[in-house]
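Letter by letter, the chains look like this.
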Amino acid sequence: MPLDARLDAQDRSFKVVGTRPSRPDGIDKVTGRARFGADMSAPGMLVGKVLRSPHPHARIRSIDASAAEALPGVKAVVTQADFATQDGDLHDTLINVMAGDKALYEGHAVAAVAATTTAIAQKALKLIEVDYEVLPHVTDVDAAMAPDAPLLHDDMVTQGVEPAPSKPSNVAQRHEFGHGDVEAGFAQAEVIVERAFKTEAAHQGYIEPHACLASVGPDGQGELWCCTQGHYMVRNTCAELLGMDISKLRVTASEIGGGFGGKTTVFVEPVALALSRKAGHPVKIVMTRSEVFRATGPTSSSSIWVKVGATKDGRITAGQAELRYQGGAFAGSPVEFGAMSAFACYDLEHINVVGYDVVANRPKQAAYRAPGAPMSAFAIESVISEVADKIGMDPVDFRLKNAAKEGTESAYGPTYGRIGLIETLEAAKAHPNYQAPLGPNQGRGVACGFWFNFGGQTCVNLNINVDGTVALALGTPDIGGSRASMCQMAAEELGIAYDNVRAIVADTSSLGYNDITEGSRTTFSSGLATIEAARDAITRLCERAAIMWGIPADAVVWENGHAKPAGPNAGDFEPLSLAEIAKVSGSTGGPIAGHCEVNAEGAGVSFATHLVDVEVDPETGATEVLRYLVVQDAGKAIHPSYVEGQYQGGAVQGIGWALNEEYIYGEDGRLQNPGFLDYRIPVASDVPMIDTVIVEIPNPGHPYGVRGVGETSIVPPLAAIANAVSHAAGVRMTQVPMSPPRILKAIDEAKANGGPGA
Amino acid sequence: MTTIKVSTTINGDPVDYLCEPQETLLDALRDRLGLTGAKEGCGTGDCGACSVILDGRLVCACLVMGAEAEGRAVETIEGLADGEELHPLQQKFIDHAALQCGVCTPGFLVAAKSLLDRNPDPTETEVRYWLAGNLCRCTGYDKIVRAVMDTAADMREAR
């Protein structure tokens, strides 16, 4: 679509967009009718279970499944040999789905069975004999980078280094971003703060474990029902792993019980398909919570060094950072995003960021809401606040003085267009929370955050029904209310009532390819495509009205849900409503539909400012969040309630990561807390109401100005809370989670060094 | 394996089912009776997604054996609405956008009903502590707590 048409739309007033209608799937979800991954069954269905490595690192000498296969009720056993060999992009995916010659982390799948009951499947797992040669392991990122660390992959030679290293290591790749000359910048500084930080791995913690129901018939055609953020990705990946034609696999996305990035890849789906193909029955696999923790994709743990210099009047002269992220057993940690976003909030002349993508004996990381950004923001925003404290400047004013704005050359390259960081800082400063009085042991923290947002491949069909209602087929799974937003945009564009549009997430055989629901892209991309599909349908509706009136099609315009004669015919005919045109469509040319296929570009970047007050109990080290404010630029909030929901949900996930959540590994390389009792995510009594302010600086790349909102909200919390805790406890915290023992230790160490007051 | 015959009452209806000794009430509801509204988020009583009311008491169905339902009364999310008429909590959850993905929602609704049955005028703190056994990863709890408080206020007014 031409850019000017998009810009035109941004000054318009809206009738449906910006209101808060009930979501179309609301009643199903409050009555228990909505069907999630584990809620589907099929006649003759078997239960699939996965055998997992008890060792963090071991050579698999042999697997003997004969006893399991002989157990009555067992219908199939699969190992990696039952999948198609992969030499290309899916090489690591296959090995992660089912181990080959090595188990690379505790919980790594090594075989799977399908049996008539859960009890028989579990018994069969115990009968599979795996001959392991246990190898030395490493789980910590700094230890994995040490010269004598156990190697996960003998052929891993660090990329991005000139000349190429002569020996393999656990460092998959080195990334570098920035501009200017940081040494010159630091030479201009009057104050320099330099610190090292660590963040522990967190899990997305979606409440619904991965689940799927697979059925492959004797003709080689397959059906798969699963909870995923991207069923087209599941289809393409599974087809390749199983050596099937893409057309022979139809994937239907169930309702999805949370994802946050964790359901953007495959785990049990190809296994269920392989079992079904071998057994000749449908196979259902539902992960246990322990499996979810041990064998899906938590985020990276990290080790970060930051140096920031500034003049005493508050101008940052240089920023530098080194980021080390371990992403589990395979290359691909989000360190590149961490490095790119590190100083993205600031307008700096001299920046240098180096990132290392490191492998370790942990499950392969998957995306987690703004993957890579919360960790680097934790380190950098902590140092930014410390510099502000050192020069005696208000932390919001210090950020305002250095904030990125339109025209700023970002640290990762592009020059920003219209962005809303300054507006979020000003709104935070003006909010009553910024003036709330603080008591003893209480502290305030502020931090900013950035996320890129993505567009991507999108396909939408919009069908006009003969009764004047509209069926909207989308290909991006709805993980937080997006069907409501799409119905709003379709209704807005067509000029009809919200309730007259019904949105569904179509299966992979019914609609063209769509990228995954990720990168905060759905309301932007599927929204843009919905609007385009509606405009396409309007063109058809106008053509039909022209036929009905016997006038040229270009003499018809669409206004307020009606076709009207224009030009020389203006006023000659009564306007025709969408319903009136639809009713007779069978006699004016057949069905009416609008379509859009697009690789959406122009997703506007997003910024947020978070403000938090905490109280730290100096005796226990426990932190209570007293008040929390999220201010974020949404571009245009289509359904403000669900925008607020994204802000609040991201903030509370950040609170959990900042204060409590972490993957704890023993010396044996095994995860010690694979359950919600010991990996404790925030509960209702842990948090206060989460205040929100929606800033709307329209994104020129979307017809209504939408920017993605899903991810930015988890970027600032680690740092905002660290800044608040540091002020409350009187000591700078450099590791998350800031669990009570870590805070107590920091207080004790500060006392030993002459008393808190850092 | 020996199966056990269980005669119970579910959402007011007499129900018989067979289950194995190791099966939980949640397994029986979901896999034997097709009542999939209660979800298994953890299987260890930590997440509350399988909350049901057993003889008037809020329990995690994953921590109750299927055989234990013999002669007792079970209330599940499927019985919360009165036919087409939503329970006020259900309507308020929709009105307040108190759900995003919705997988924890049945558990929250059953738990919240159990709270309001006991305490028609809970404080925000009481709501937060009563619902502390139910995990939600999407909403940050803000809109859930508001929906429950608002329901309680409306129901008091209606009395």
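Everything numeric here is computed off the predicted structure, so don't read it as measured data. Within each chain, residues carry numbers counting from 1 in the order of the written sequence. Lettering of chains starts at A and numbering of ligands starts at 1, both following the order in which they are written. With pLDDT at 70 or above as the cut-off, local features in this predicted model cover only qualifying residues; side-chain atom pairs require 80 or more to be listed or tallied, and sums for whole chains, interfaces and linings still use all residues. Remark: hydrogens and water are excluded; side-chain values derive from all non-hydrogen atoms of the structure.

### Some points on the nonpolar core
One recurring pattern in soluble globular proteins: nonpolar side chains tend to sit buried together.
And step 1. If you look at the biggest cluster of nonpolar residues, it comprises 191 residues, and the most contacted ones within it are L224(A), V271(A), F343(A), M738(A) and F93(B).
And step 2. For this core, the leading source of residues is helix α12 (residues 373-391) of chain A, giving eleven residues.
And step 3. What L224(A) contacts, discounting residues up to four positions off in sequence, is C212(A), L213(A), A214(A), V234(A), C238(A), L249(A), R250(A), V251(A), T252(A), E269(A) and L273(A).
And step 4. Throughout, nonpolar core names a set of buried Ala, Val, Leu, Ile, Met, Phe, Trp, Tyr and Cys residues whose side chains join them through atoms within 4.5 Å. Exposed residues in this analysis have more than 50% of their type's maximum accessible area, buried residues have under 20%, and partly exposed residues fall in between, with area computed by a 1.4 Å probe over protein chains only. Formed by 48 residues, the second largest nonpolar core is a distinct cluster that contains V17(A), F524(A), L576(A) and A603(A). Starting at the N terminus, helices and strands are each numbered in turn, a helix being any DSSP run of H or I of at least four residues and a strand any DSSP run of E of at least two. Two residues qualify as a contact provided that any one of their heavy atoms is within 4.5 Å of a heavy atom in the partner residue.

### Focus on the pairing of strand β2 (residues 58-64) of chain A
Residues and elements named next belong to chain A.
And step 1. Two strands pair if DSSP finds at least two bridges between them. Relative to strand β4 (residues 102-103), β2 runs antiparallel, the two sharing two bridges. Along β4, the bridge assignment pairs R59 with K102.
And step 2. As paired strands, β2 and strand β6 (residues 129-134) are joined by six bridges and run antiparallel to one another. Across the sheet, R59 pairs through a bridge with E133, a residue of β6.

### What about the domain arrangement of chain B?
Residues and elements named next belong to chain B.
And step 1. You can read the domains of chain B as domain 1 (4-79) and domain 2 (88-158).
And step 2. Boundary definitions for the domains trace back to an automatic or database domain assignment. Centre-to-centre, using C-alpha coordinates, domain 1 lies 22 Å away from domain 2.
And step 3. Tallying the contact residues gives 15 residues for domain 1 and 14 residues for domain 2.
And step 4. Put simply, buried area is how much 1.4 Å-probe accessible surface two parts lose in total, over both of them, once they are put together. Counting each side, the surface lost to burial between domain 1 and domain 2 is near 1100 Å², with a carbon and sulfur contribution of 62%.
And step 5. Each reported salt bridge corresponds to a side-chain nitrogen of Lys or Arg within 4 Å of a carboxyl oxygen of Asp or Glu. Seen at the junction of domain 1 and domain 2, the total is one salt bridge.
And step 6. Here E75 makes a salt bridge to K113, at a shortest N to O gap of 3.6 Å.
And step 7. Here a polar contact is taken to be a pair of N or O atoms separated by no more than 3.5 Å, where protein atoms must pair a possible hydrogen donor with a possible acceptor and residues adjacent in sequence count only if both atoms sit in side chains. There are five residue pairs in polar contact (both at pLDDT 80 or more) connecting domain 1 and domain 2.
And step 8. Elements supplying a minimum of two residues to the side of domain 1 that touches domain 2: β3 (51-54) and β4 (57-60).
And step 9. The leading source of residues in the side of domain 1 that touches domain 2 is β3, at three residues.

### Observations concerning helix α20 (residues 717-729) of chain A
In an α-helix, one turn spans 3.6 residues, which is why side chains three or four residues apart end up on the same side.
And step 1. When the terminal C-alpha atoms of α20(A) are compared, their 18 Å separation across 13 residues agrees well with the 18 Å that a helix rising 1.5 Å per residue should span.
And step 2. Immediately downstream of α20(A), the backbone of G730(A) shows phi near 75 degrees, a positive value. To estimate how far a helix should extend, the number of its residues minus one is multiplied by 1.5 Å.

### Points about the pattern of salt bridges
Residue and element names in this part refer to chain A.
And step 1. What the rule picks out here adds up to 54 salt bridges over all chains.
And step 2. When the shortest N-O distance is used, the salt bridge between E208 and K263 registers 2.9 Å. Here K263 lies in the loop between β11 (249-253) and α9 (269-279) and E208 lies in the loop between β8 (191-199) and β9 (211-216), a separation of 55 residues in the sequence.
And step 3. Among the residues examined, E208 registers a relative accessible area of 4% and is labelled buried.
And step 4. What makes K263 buried here is its relative accessible area of 1%.

### Details of the interface of chain B and chain A
And step 1. Contacts between the two partners involve 44 residues from chain B, matched on the other side by 51 residues from chain A.
And step 2. At the boundary of chain B with chain A, total buried surface from both sides reaches about 3800 Å², with 60% on carbon and sulfur atoms.
And step 3. On the chain B side of the contact with chain A, I94(B), Q100(B) and R137(B) bury the most area, a combined 22% of that side's loss.
And step 4. The closest approach of N and O atoms between E644(A) and K143(B), which form a salt bridge, is 2.6 Å.
And step 5. On the surface where chain B and chain A come into contact, there are 21 residue pairs in polar contact (both at pLDDT 80 or more).
And step 6. Elements with a minimum of two residues in the side of chain B that touches chain A: α2 (88-95), α3 (105-118), α4 (124-130) and α5 (142-158) of chain B.
And step 7. Amino acid classes used here: Ala, Val, Leu, Ile, Met, Phe, Trp, Tyr, Cys and Pro are nonpolar; Asp, Glu, Lys and Arg are charged; the rest, including Gly, are polar. In terms of residue class, the side of chain B that touches chain A is built from 22 nonpolar, ten polar and twelve charged.

### Thoughts on the sheet that holds β3(B)
Strand pairing in a sheet relies on backbone hydrogen bonds, with the paired strands running either antiparallel or parallel.
Residues and elements named next belong to chain B.
And step 1. Strands sit in the order β2-β1-β5-β3-β4 across an open sheet of five strands; the sheet is mixed. What marks the edges here is a single partner per strand, and that holds for β2 (13-19) and β4. Across the sheet, the axes of successive neighbouring strands diverge by a mean angle of 40 degrees, strand direction being ignored.
And step 2. As paired strands, strand β1 (residues 4-10) and strand β5 (residues 73-75) are joined by two bridges and run parallel to one another. Within β5, the position partnered with I10 by the bridge is V74.
And step 3. To get an axis, a line is fitted to the C-alpha atoms, and for a helix only the part in contact is used. The angle between two axes follows their N-to-C directions and goes from 0 to 180 degrees. The strands that helix α1 (residues 25-32) touches are β1, β2, β3 and β5; relative to β2, the one it contacts most, it runs at about 100 degrees.

### Examining unusual backbone geometry
Residues and elements named next belong to chain A.
And step 1. Across the junction of E162 and P163, the peptide omega takes the value -10 degrees, indicating a cis bond.
And step 2. Looking at the element boundaries, P163 is found in the loop between α6 (141-145) and β7 (171-179).
And step 3. Residue P737 is bonded to the preceding V736 through a cis peptide linkage, with omega at 0 degrees.
And step 4. Along the chain, P737 falls in the loop between β27 (735-736) and α21 (740-752).
And step 5. Positioned with a positive phi, A370 is a non-glycine residue whose angle comes to about 55 degrees.
And step 6. Mapped onto the elements of the fold, A370 is located in the loop between β15 (351-358) and α12.
And step 7. For N441, which is not a glycine, the phi torsion comes out positive at approximately 65 degrees.
And step 8. In this structure, N441 sits in the loop between α14 (421-430) and β16 (442-451).

### Quick word on the environment of Q648(A)
Residues and elements named next belong to chain A.
And step 1. Note that Q648 resides in helix α19 (residues 640-659).
And step 2. A relative accessible area of 3% places Q648 in the buried class.
And step 3. As for Q648 and I581, which are separated by 67 residues in sequence, their C-alpha atoms are 43 Å apart.

### Let's talk about helix α5 (residues 118-127) of chain A
All names here are of chain A.
And step 1. Of all the residues in α5, the buried ones are A121, A124 and L125. Viewed end-on, α5 has its buried residues packed into an arc of 105 degrees, placing them on one side of the element. Residues of α5 that are exposed and angled more than 90 degrees away from the buried face: K123 and K126. Our arc is simply the arc of the directions from the helix axis toward the C-beta atoms.

### Section: the packing of aromatic side chains
Residues and elements named next belong to chain A.
And step 1. Side-chain rings of Phe, Tyr and Trp, where Trp is taken by its six-membered ring, are said to pair if the distance between their centres is within 6.5 Å; with planes under 30 degrees apart they count as stacked, over 60 as edge-to-face, and otherwise as tilted. Applying the stated criterion across every chain yields a total of 23 aromatic pairs over all chains.
And step 2. Measuring from centroid to centroid gives 5.6 Å for Y416 and F607, while their planes differ by 85 degrees, and the two rings are edge-to-face. Of this pair, Y416 sits in the loop between α13 (395-402) and α14 while F607 sits in strand β24 (residues 606-616); the two residues are 191 residues apart in sequence, bridging distant segments of the chain.
And step 3. Considering the side-chain rings of F450 and F452, the 5.0 Å spacing of their centres and the 80 degrees angle between planes classify their relative orientation as edge-to-face.
And step 4. In this structure an aromatic cluster arises from ring pairing among F337, Y412, Y416, F450, W451, F452, F454 and F607.

### Side note on the state of the cysteines
All names here are of chain B.
And step 1. Disulfides are defined as cysteine sulfur pairs within 2.5 Å. Under the counting rule described, the total for this entry stands at zero disulfides over all chains.
And step 2. With no disulfide of its own, C47 lies closest to C42 among cysteine sulfurs, the gap being 3.8 Å.
And step 3. A disulfide-free cysteine, C101 has its sulfur positioned 3.8 Å from the sulfur of C138, the nearest such atom.
And step 4. What makes C101 buried here is its relative accessible area of 4%.

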